[in-house]
Amino acid sequence: MAPIDTKSVIQQHTQNNKVMIFSKSTCPFCKRVKKLFDELKVDYKAIELDEMDNGKELQDTLHEMTGQRTVPNVFINNQHVGGCDTVLKKNKEGELMNLISPPTDKYDYDLIVIGGGSGGLAASKAAADLGKKVAVCDFVKPTPLGTSWGLGGTCVNVGCIPKKLMHQAALLGHSLDDAKKYGWQVPDDVQHNWDTMKTSVQNHIGSLNWGYRVQLRDKQVTYHNAYAEFTDPHTIKAVTKRGKETVMTAAHFILAVGMRPRYPDIPGAKEYCITSDDVFSLAYNPGKTLVIGASYVALECAGFLAGIGLDVTVMVRSILLRGFDQDMANRVGDYMETNGIKFIREHVPTKIEQLESGTPGKLKVYYKPSQGGEEKSLEVNTVLVGIGRDACTGTIGLDKAGVTVNPKNGKIPVVNEQTNVPHIYAVGDILEGSPELTPIAIAAGKLLAKRLYGGSNIQCDYVNVPTTVFTPLEYGACGYSEENAIAKFGEDNIEVYHTLFRPLEFTVAQRDENVCYAKVICNKSDNERIVGLHVLGPNAGEVTQGFSLGMKCGATKAQLDATIGIHPTCAETFTTLSMTKRDGGDITQAGC
Ligand code: FAD
Ligand code: NAP
């Protein structure tokens, strides 16, 4: 075996870690230095020389390289700093953080974040916590109908938060039916009030908007309610609603501008349709509604609108929930259909006409088969378009900054969130290939700030990101779909364990039998490691979140079997899965 080059080993450590400590596990000075970095919330890498076979050789080489024999031997940004006394002294004199992330007096700010949504706010707060001078620009261009909102981005204002609350409104409606079976004397003519729901949800959002402003102020992040665009690679121009312009420069930029709903290119779309950007603050009950699209946004909106009692139809261009396990997607659709939502499959709209104005008015929707064919029409009060979202990267001067954008979809290719321009980064929905989900935007933003300013080397992990579609029966998923698992590992290497199940709560309520479903996909060639987990049932998000930790830890089917269930729950179903798809046995359930 070739001798290990200890100098290269040391250099690799000092180059790959912003703060590198060569330490000994029993040394009190080493502990003191590590404690200091912990207190400063600075990530570091420490290797304990006394626990390594070649620790002595490494210590000798460190002596040769630095003239320092003792530990701790600390390097910052690949530069030798010294031992415990030197580090403590530099901290006392306020120099330590400057070594970790050098000041940038040349610019107005260390960091400007464009976009105050999930990713932008997380990054800006984390950078400010690490002592950086930060500004955030957030601006909402009103929808064609004039809807606008406050600080916090999509999730808070027109995404996850109002969606989940309106989903809850729908679930409560369903619970009223159940409640009767459980002895509650609920009158038969209980009505839902749109205005009450909308106002309560908007009040909650208002409190969140306010909370974000306070957080930014407390952390001394400068907030500009202004639309930002680059004028050169280190300069932006931020313009307020009233046209007031501010020019600002920064050493680093993080782009977190998110996405906005797309409209179909057909007559009447922008004039008469609403999108998810409008529905949660709509001033009137939308009435009979056509939802166009068949992915997350469309199916979730259709679900809660039907759940509060509206007549809802979904127009599907091709399949439901593209990208998801199609067995699960079809079960989601079947449940919606048997619970009163109508589906017009394999059709697309061609024109929207207004028959009557009003709140709501009346619209006539013309549509035809996706593959071409005879045009038909349908009358509704409201058309909600949920056909995807476009990245807001087209009008922010990226050409002036030299940032490369994928011209096909406006998304930004990055390596570890860094664009092709080294001082410009991007997080959240606008990243090429990243899931468009709030927790990923937040994690990426926070971790990026810690890498830039806190000496961290922890990257955002985009693998096995769990997600839930909040349709009337919720669908939670983590890892591979069955189709993708087969494509990746080969059909022979995949074992799919599955079952239908009936939540106990459904029994007394006399709710549907054999609609809830659990499925685990295992890689037989890797000890039956779980590579996909899917659940359709109540609280699927809560169930999936827990099991996603298991998947992160590399759980196998045997470990799932060895897990004791919590009875009576839906999640316990996963601890008792024995039927495989390959066996083809009967998975219908009767009884507890
Ligand atoms: P955003 O949160 O969109 O923030 C971008 C901000 O930048 C916006 O405020 C925008 O107005 C602003 N901006 C844009 N351009 C400029 C500019 N030039 N200058 C200044 N400001 C600018 N995710 C989940 O995880 N769970 C869910 O249940 C869920 N439900 C959703 C439901 C709906 C209806 C929708 C539409 C999305 C949902 N999402 C959900 C997705 C989630 O909202 C996004 O993934 C998340 O908000 C992305 O965060 P971001 O920081 O990338 O962008
Ligand atoms: P999406 O996932 O891009 O899906 C777009 C849907 O619209 C597809 O069903 C597509 O059909 C259809 N479509 C596209 N163009 C069409 C046209 N011209 N006419 C008719 N139908 C058309 O978009 P999305 O639902 O807006 O979701 C965007 C992202 O937001 C998601 O990827 C998700 O990450 C995030 N989100 C998350 C949640 C959650 O976590 N619960 C909820 C909502 C949104 P085809 O299949 O035929 O292309």
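Here the structure is shown first, and the text comes after it.
Below is a summary of the structure that appears in this document.

Analysis parameters
- Residues numbered from 1 in each chain as written.
- Chains lettered and ligands numbered in written order.
- Predicted model: local features only at pLDDT ≥ 70, side-chain atom pairs only at ≥ 80, totals over all residues.
- Heavy atoms only, no water.
- Pairing = 2+ DSSP bridges.
- Helix = DSSP H or I, 4+ residues; strand = E, 2+ residues; numbered from the N terminus.
- Contact = heavy atoms within 4.5 Å.
- Axes fitted to C-alpha atoms, helices over the stretch in contact; angles between N-to-C directions.
- Near = heavy atom within 4 Å.
- Polar contact = N/O pair within 3.5 Å; in protein donor to acceptor, adjacent residues only side chain to side chain.
- Areas by Shrake-Rupley, 256 points an atom, 1.4 Å probe, with all protein chains shown as cover.
- Left-handed = near helix turned anticlockwise from the far one by under 90°.
- Nonpolar A, V, L, I, M, F, W, Y, C, P; charged D, E, K, R; others polar.
- Salt bridge = Lys/Arg side-chain N within 4 Å of Asp/Glu carboxyl O.
- Buried < 20%, exposed > 50% of the residue type's maximum accessible area, 1.4 Å probe, protein only.
- Phe/Tyr/Trp six-rings, centres within 6.5 Å; stacked < 30°, edge-to-face > 60°.
- Lys NZ or Arg CZ within 6 Å of the ring centre and 35° of its normal.

This next bit is on the sheet that holds strand E14 (residues 312-316). Strand order across the open sheet formed by 5 strands is E12-E19-E13-E14-E15, with parallel pairing between neighbours. Sheet topology places strand E12 (274-275) and strand E15 (342-345) at the edges, where each strand pairs with a single neighbour. Across 4 bridges, the pairing between strand E13 (residues 289-292) and E14 is parallel. Across the sheet, the residue bridging to Leu 290 is Thr 313, located in E14. Packing of helix H12 (residues 296-307) onto the sheet brings it into contact with E13, E14, E15 and strand E19 (382-385), and relative to E14 it is tilted by some 165°.

The next thing to look at is the site of ligand 2. Close to ligand 2 lie 20 residues; Glu 300, Ser 318, Arg 322, Glu 436 and Thr 468 are nearest. At a separation of 3.4 Å, a nitrogen atom of ligand 2 approaches a polar side-chain atom of Lys 163. In this structure, Ala 294 approaches ligand 2 through a main-chain N or O atom, which is 3.1 Å from an oxygen atom. About the coverage of ligand 2: the protein hides 79% of its 930 Å² of free accessible area.

At a minimum axis distance of 10 Å, the contact between helix H8 (residues 160-181) and helix H9 (residues 194-218) shows a crossing angle of 145°. For H8 against H9, the interelement crossing comes out right-handed. Note on element contacts: H9 touches H8 through Met 197, Lys 198, Val 201, His 204, Ile 205 and Leu 208, opposite Ile 161, Pro 162, Leu 165, Met 166 and Ala 169. Considering only residue class, the contact of H8 with H9 consists of 9 nonpolar, 1 polar and 1 charged.

By the secondary structure assignment, Asn 157 is in helix H7 (residues 153-158). Polar side-chain contacts of Asn 157 include one of 2.8 Å to the backbone oxygen of Gly 153.

Further remarks concern the pattern of salt bridges. Considering all chains together, one arrives at 28 salt bridges under this definition. Notably, a salt bridge pairs Asp 178 with Arg 511, separated by 2.7 Å at the nearest N-O pair. With a gap of 333 residues between them, Asp 178 in helix H8 and Arg 511 in the loop between helix H17 (504-508) and strand E25 (516-523) connect regions that are remote in the sequence. Taking the relative accessible area as the measure of exposure, Arg 511 reaches 16% and is therefore buried. A salt bridge links Lys 519 to Glu 482; the nearest nitrogen and oxygen atoms lie 2.5 Å apart. Placement of the pair is Lys 519 in strand E25 and Glu 482 in helix H16 (residues 482-489), with a sequence separation of 37 residues. As far as the burial class goes, Lys 519 and Glu 482 line up, both buried. The network of salt bridges with common partners includes Asp 325, Asp 327, Arg 331, Glu 482, Lys 519 and Lys 581.

Under the defined criterion, the tally for this structure stands at 9 aromatic pairs. Their ring planes at 55° and their centres at 4.9 Å tell us that Phe 547 and Phe 574 sit as a pair that is tilted. Separated by 27 residues along the polypeptide, Phe 547 in helix H18 (residues 540-552) and Phe 574 in the segment after helix H19 (557-562) bring together distant segments of the chain. Phe 574 shares its class with Phe 547; the two are buried. An aromatic cluster is defined as three or more aromatic residues linked by ring pairs; in this entry it consists of Tyr 296, Phe 324 and Tyr 475. A cation over an aromatic ring shows up here: Lys 133 above the ring of Tyr 109, its NZ or CZ 5.2 Å from the ring centre.

Pairing in this open sheet of 4 strands is mixed, and the strands run E2-E1-E3-E4 from one edge to the other. Whereas interior strands pair on both sides, the edge strands pair on one side only; in this sheet they are strand E2 (45-48) and strand E4 (79-82). Taking the axes of each pair of neighbouring strands and ignoring which way they run, one obtains an average angle of 25° across the sheet. Where strand E3 (residues 73-76) and E4 come together, 3 bridges link them in antiparallel fashion. Bridge pairing links Ile 76 to Gln 79 in E4. Strands in contact with helix H1 (residues 6-16) are strand E1 (19-23), E2 and E3; relative to E1, the strand with the most contacts, it is inclined by about 140°. Sheet strands in contact with helix H4 (residues 84-92) are E3 and E4, and its direction is about 95° off that of E4.

With that out of the way, let us pick up the site of ligand 1. Around ligand 1 sit 35 residues, and of these Asp 138, Phe 139, Thr 154, Lys 163 and Asp 429 come closest. The backbone of Ser 118 places a nitrogen or oxygen atom 3.3 Å from an oxygen atom of ligand 1. Measuring from an oxygen atom of ligand 1, one finds a backbone N or O atom of Glu 436 at 3.3 Å. In the complex, the protein chains occlude 93% of the 1,000 Å² of accessible area that ligand 1 would expose alone. Breaking the shell around ligand 1 down by element, the ones donating at least two residues are helix H6 (118-129), H7, H8, strand E8 (226-232) and helix H15 (438-453). Looking at the shell around ligand 1, the element that brings in the most residues is H7, giving 4 residues. Class assignment of the residues belonging to the shell around ligand 1 gives a composition of 18 nonpolar, 12 polar and 5 charged.

Any functional reading would require information that these geometric values do not contain.
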